[in-house]
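# Survey of secondary and tertiary structure
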Amino acid sequence: MTIVHLIMVGLGGFFGAIARFLISKQLNAKAAIPLGTLTVNLAGAFLLGIISGAKADPTTALLLGTGFMGAFTTFSTLKLEMLQFLLKKQKWQFYLYTFLTYIIGIFLAYLGYLLGSQFQ
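Quick summary incoming for the structure in this document.

Conventions and cut-offs
- Residues numbered from 1 in each chain as written.
- Predicted model: local features only at pLDDT ≥ 70, side-chain atom pairs only at ≥ 80, totals over all residues.
- Heavy atoms only, no water.
- Helix = DSSP H or I, 4+ residues; strand = E, 2+ residues; numbered from the N terminus.
- Buried < 20%, exposed > 50% of the residue type's maximum accessible area, 1.4 Å probe, protein only.
- Contact = heavy atoms within 4.5 Å.
- Polar contact = N/O pair within 3.5 Å; in protein donor to acceptor, adjacent residues only side chain to side chain.
- Core = buried A, V, L, I, M, F, W, Y, C linked by side-chain atoms within 4.5 Å.
- Axes fitted to C-alpha atoms, helices over the stretch in contact; angles between N-to-C directions.
- Parallel < 35°, antiparallel > 145°, perpendicular 65-115°, else oblique.
- Left-handed = near helix turned anticlockwise from the far one by under 90°.
- Nonpolar A, V, L, I, M, F, W, Y, C, P; charged D, E, K, R; others polar.
- Expected span 1.5 Å × (residues − 1).
- Arc of directions from axis to C-beta.

### A word on the overall build of the protein chain
- Within the protein chain, the regular secondary structure consists of 5 helices and 0 strands.
- Along the protein chain, from the amino end to the carboxyl end, the secondary structure elements read α-α-α-α-α.
- Counting only C-alpha atoms and orienting by the principal axes, one finds that the protein chain spans roughly 50 × 30 × 20 Å.
- When burial is assessed residue by residue, the protein chain has 32% of its 120 residues classed as buried.
- The long-range fraction of contacts in the protein chain, counting pairs at least 24 apart against all pairs at least 6 apart in sequence, stands at 74%.

Right, dumping it as C-alpha cells:
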C-alpha cells in the first residue's frame, strides 16, 4: 500500500459519501420504504459489478470500488431501516425492502459484472 492508494480511497470516499447524502435526502422522505438507501445500494451493486467484471486496474479499483462505492453504499443504514420496520410491525415494508435489496441487488451486481466483462 502506498500513499497514492490511500489518497485514491479517501478521494473516492469523499465523493461517494456526498453522493449518498444527496440522493438519500432527496428520495428517503417521499416513499413508504427508504428509496434513497435502496437506490444507492442497488446502483452500487451494479456499478461495483461493472468495476469487478472489467477487472479494473488496482488504482481505479481503489478509487471507484473501495473508495467511492464503499462510501456510496451503506450496509449499516440498511440494517437499521430494516430493524425499524420490524419494531414498528411494518412487515410488508420489511419484506419488500429486503427482497428488493437482496434479490434485485444480486441480480444487478451480476448484470454489472457481465457488462463490465465486455470491456476487458
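### Things to note about helix α3 (residues 58-72)
- Gly 65, Gly 67, Met 69, Ala 71 and Phe 72 are the residues of α3 that are buried.
- Contact partners of the buried residues in α3: α1 (3-27) and α2 (35-53).
- Its side-chain oxygen 3.1 Å from the backbone nitrogen of Thr 59, Asp 57 forms the N-cap of α3.

### Quick notes on the nonpolar core
- Among the nonpolar cores identified, the biggest contains 9 residues, and these are Ile 33, Leu 38, Leu 42, Leu 78, Met 82, Phe 85, Phe 94, Tyr 97 and Leu 108.
- Counting residues per element, the ones that place at least two in this core are α2, α4 (75-87) and α5 (91-117).
- In this view, Phe 94 contacts Met 82, Phe 85 and Leu 86; residues no more than four positions away in its chain are not counted.
- If you look at the next biggest cluster of nonpolar residues, it comprises 5 residues, including Val 40, Ile 51, Met 69 and Phe 72.

### Quick word on the packing of α2 against α3
- Across the interface, α2 lies against α3 with an axial gap of 10 Å and an inter-helix angle of 165 degrees. Viewed along their axes, α2 and α3 adopt a mutual orientation that is roughly antiparallel. Like other packed secondary-structure pairs, α2 and α3 cross with a definite hand, here left-handed. In this structure, α2 uses Val 40, Ala 43, Gly 44, Leu 47, Leu 48 and Ile 51 to contact α3, whose residues at the interface are Ala 61, Leu 64, Gly 65, Met 69 and Phe 72.
- Of the residues assigned to the contact of α2 with α3, the class counts are 9 nonpolar, 2 polar and no charged.

### Describing α4
- The first and last C-alpha atoms of α4 sit 18 Å apart over 13 residues, in line with the 18 Å expected at 1.5 Å per residue.
- Every buried residue belonging to α4 is among Leu 78, Glu 81, Met 82 and Phe 85, and all of these are buried. The buried residues of α4 occupy an angular sector of 100 degrees when the element is viewed end-on, so they sit on one face. Those residues of α4 that are exposed and aimed more than 90 degrees away from the buried face are Ser 76 and Leu 87.
- Tucked into the core, α4 has its buried residues touching α2 and α5.
- Positive phi shows up at Lys 89, right after α4, with a value of about 60 degrees.

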